[in-house]
Amino acid sequence: MTMPTGLKLVLFGPPGAGKGTQAQLLKERLGVEHVSSGDLFRHHLSNGTELGELARGYMNRGALVPDAITIGMVIDRIGQIADADGFMLDGFPRNTGQAQALESALHERGQQIDRVIHIRVADDELIRRLSNRYICRVCQRPYTRDAATGAPPEGCADCPDGGDIYQRDDDTSEAVANRIAVYHQETAPVLDFYAARGLLANVPGEGAVATVNESVLRALEGNADEVFP
Ligand code: AMP
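Residues numbered from 1 in each chain as written. Predicted model: local features only at pLDDT ≥ 70, side-chain atom pairs only at ≥ 80, totals over all residues. Heavy atoms only, no water.

### With respect to the site of the ligand
Then step 1. The full set close to the ligand counts 16 residues, and Ser37, Arg42, Ala63, Gly91 and Gln98 are the nearest of them.
Then step 2. Gly91 places a main-chain nitrogen or oxygen 2.9 Å from a nitrogen atom of the ligand.
Then step 3. In isolation the ligand has 480 Å² of accessible area, and contact with the protein removes 96% of it.
Then step 4. Broken down by element, the residue count for the shell around the ligand peaks at 4 residues, all from helix H2 (residues 37-46).
Then step 5. In terms of residue class, the shell around the ligand is made up of 6 nonpolar, 5 polar and 5 charged. (Near = heavy atom within 4 Å. Polar contact = N/O pair within 3.5 Å; in protein donor to acceptor, adjacent residues only side chain to side chain. Areas by Shrake-Rupley, 256 points an atom, 1.4 Å probe, with all protein chains shown as cover. Helix = DSSP H or I, 4+ residues; strand = E, 2+ residues; numbered from the N terminus. Nonpolar A, V, L, I, M, F, W, Y, C, P; charged D, E, K, R; others polar.)

### With respect to the pattern of salt bridges
Proximity of charged atoms lets side chains of opposite charge pair with each other.
Then step 1. Summed over all chains, the structure comprises 13 salt bridges.
Then step 2. Of the charged contacts in the structure, one is a salt bridge between Glu33 and Arg77, with a shortest N-O distance of 3.2 Å. With Glu33 in strand E2 (residues 33-36) and Arg77 in helix H4 (residues 67-79), this pair connects stretches of sequence that are 44 residues apart.
Then step 3. By relative accessible area, Glu33 is classed as partly exposed at 31%.
Then step 4. One salt bridge connects Arg179 with Asp170, and the closest N-O pair in it is separated by 3.9 Å. In this pair, the class of Arg179 matches that of Asp170, namely buried.
Then step 5. One network of salt bridges, in which partners are shared, links Arg133, Arg168, Asp170, Asp171 and Arg179. (Salt bridge = Lys/Arg side-chain N within 4 Å of Asp/Glu carboxyl O. Buried < 20%, exposed > 50% of the residue type's maximum accessible area, 1.4 Å probe, protein only.)

Encoded structure:
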């Protein structure tokens, strides 16, 4: 299937829906830049920047970092991407104020979002996934515990030095419950914002990674409202 170039996408869904995993696959397939607000924050945290210190407390308890910090950080990053390259946002926008700010910033550049892919996963499955999730500190690739032994992988398969694998501070059960509650209260209303603009495609996110990826590609290709009502 042939995909247009320079696509501007939002990968939307609750924490643990698989946005990061699908983003890695889509990046290879579409050649667009992956912009993850969570990764940008974690980068600031590990570099000890002022922005990282401002964000740390919110992140550790699973709350949203205030818009005054978040919006500028993401809009600046998008501004570094050439129009022809396109991008895929992951974890942003997370409330309607962010969605409006994004729309205005893109409008000023004569750009707009082409499609919002909403990956749907039930809450009990999200909790199961997040409590088993591990991340490579170097490239941020997500991993799960080994099904048989319960052990996390020893190193990252993608990183030459076998990047350090760790569990995020906000994947503790208390922070996970808070992040899912915040998703329902503050982030889910963004779905109506994009549905009203005819941009929303809902994709079932509970199957195997490859199956979800096929659904995402179908949703990008055609009228996803008809494919996945
Ligand atoms: P994520 O990796 O997307 O799960 O994000 C990790 C944490 O970073 C979130 O729980 C928030 O504390 C913060 N964060 C990431 N993206 C945003 C955003 N768009 N708005 C506010 N906070 C965010």
